[in-house]
Amino acid sequence: MPDPRVRLSLRALLAASLLSLLPTVASTQNAPPELRRRMDAFTRALREMEPMERIASFFPRGSAWEFVETPNRKAPGAAVLRRRFDPASTLPAISEGGPICGSFGGVTGDVGAAETALVMQAMASRRPWRYLGRGRFVPPGASADSPGFVEWRREHGAWVIGRIGEEYWYQPRLIGRERPDVTRDTTVGNGLPLERRLAADTRWFRDSEPINIAGRRYIKYGLPRTLDDSLLKRYGTLGVVPIFKERGAVERGSPSVIYVLVAPGEYQPYQLFGNSICRE
């Protein structure tokens, strides 16, 4: 016959385990209904790429809100960045040409916004964001300390966004090593065999280092892709590796996306770091 003390111990352990889950379950389910509707409407507006005027309507009209960027790693020089926007600057900031337009769907073209951008988090899943209490939501499946979040507060009886958080990619600079620079000379290396001009054999490509064009930093985005040569136009050279941009793309200043030749007919996209296209 089983020892009743054993049954009691197992029951106590089970009860303790269930109790440990209660805060998480409660915080997920207990968002005020009006707040839950506002959050769902906001993520839907991002996911469906609604007009920026619609997205701006979720922000305060009588006070400033904060945009918080957290680095993806702890390293010297990696800092949490905070920016405040007053109501009058909200729409310009999130619209095309604004400093954070990429977070809200303002980056256009073949590559699109970074994976950690708010708009991409909203598009990643149609599941409701998880509520943590005190007006804060995190993406589905994210931990409570997620750098990506949306935090709401009450203003004149309505729920408005008070703070948004995003993760940004931080690449520390290595001592004694300069970032590779792209020259606008499109003739460098033309006399070399193609196999000696591919990025796949270079250190900067293997180490995923940022590259520079006229002081603007570009980082790898996604995987190499096969593209028809007729879609691209030679833009410059990095060492002897040819660099391309999209043919016919209308750009103001530096191109938003460049393509590095890694194999015959195969190109690696690089995107302006930090949604810099929005600041052109």
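Residues numbered from 1 in each chain as written. Predicted model: local features only at pLDDT ≥ 70, side-chain atom pairs only at ≥ 80, totals over all residues. Heavy atoms only, no water.

1. Comments concerning the overall build of the protein
When helices and strands are counted, the protein shows six helices and 13 strands. Here the protein holds 280 residues, and the buried ones make up 42% of them. Of the roughly 15,200 Å² that the protein leaves accessible, carbon and sulfur atoms contribute 55%. (Helix = DSSP H or I, 4+ residues; strand = E, 2+ residues; numbered from the N terminus. Buried < 20%, exposed > 50% of the residue type's maximum accessible area, 1.4 Å probe, protein only. Areas by Shrake-Rupley, 256 points an atom, 1.4 Å probe, with all protein chains shown as cover.)

2. Some words on the packing of aromatic side chains
Given two aromatic rings, their pairing is described by the distance between the two centres and the angle made by the two planes. Going through the model one piece at a time under the given rule, you end up with 10 aromatic pairs. Where Phe244 meets Tyr267, the ring centres are 5.5 Å apart and the plane angle is 85°; that geometry is what we call edge-to-face. One end of the pair, Phe244, is in strand E11 (residues 241–246); the other, Tyr267, is in strand E13 (residues 266–272), with 23 residues separating them in the sequence. Comparing Phe244 with Tyr267, the two get one shared label, buried. The structure contains a cluster of three or more aromatic residues connected by ring pairs, namely Phe42, Phe58, Phe59, Trp65, Phe85, Phe104 and Trp152. In this arrangement the basic side chain of Arg184 is found over the ring face of Tyr235, its NZ or CZ atom lying 4.0 Å from the centre. (Phe/Tyr/Trp six-rings, centres within 6.5 Å; stacked < 30°, edge-to-face > 60°. Lys NZ or Arg CZ within 6 Å of the ring centre and 35° of its normal.)

Any link to function would need more than the numbers given here.
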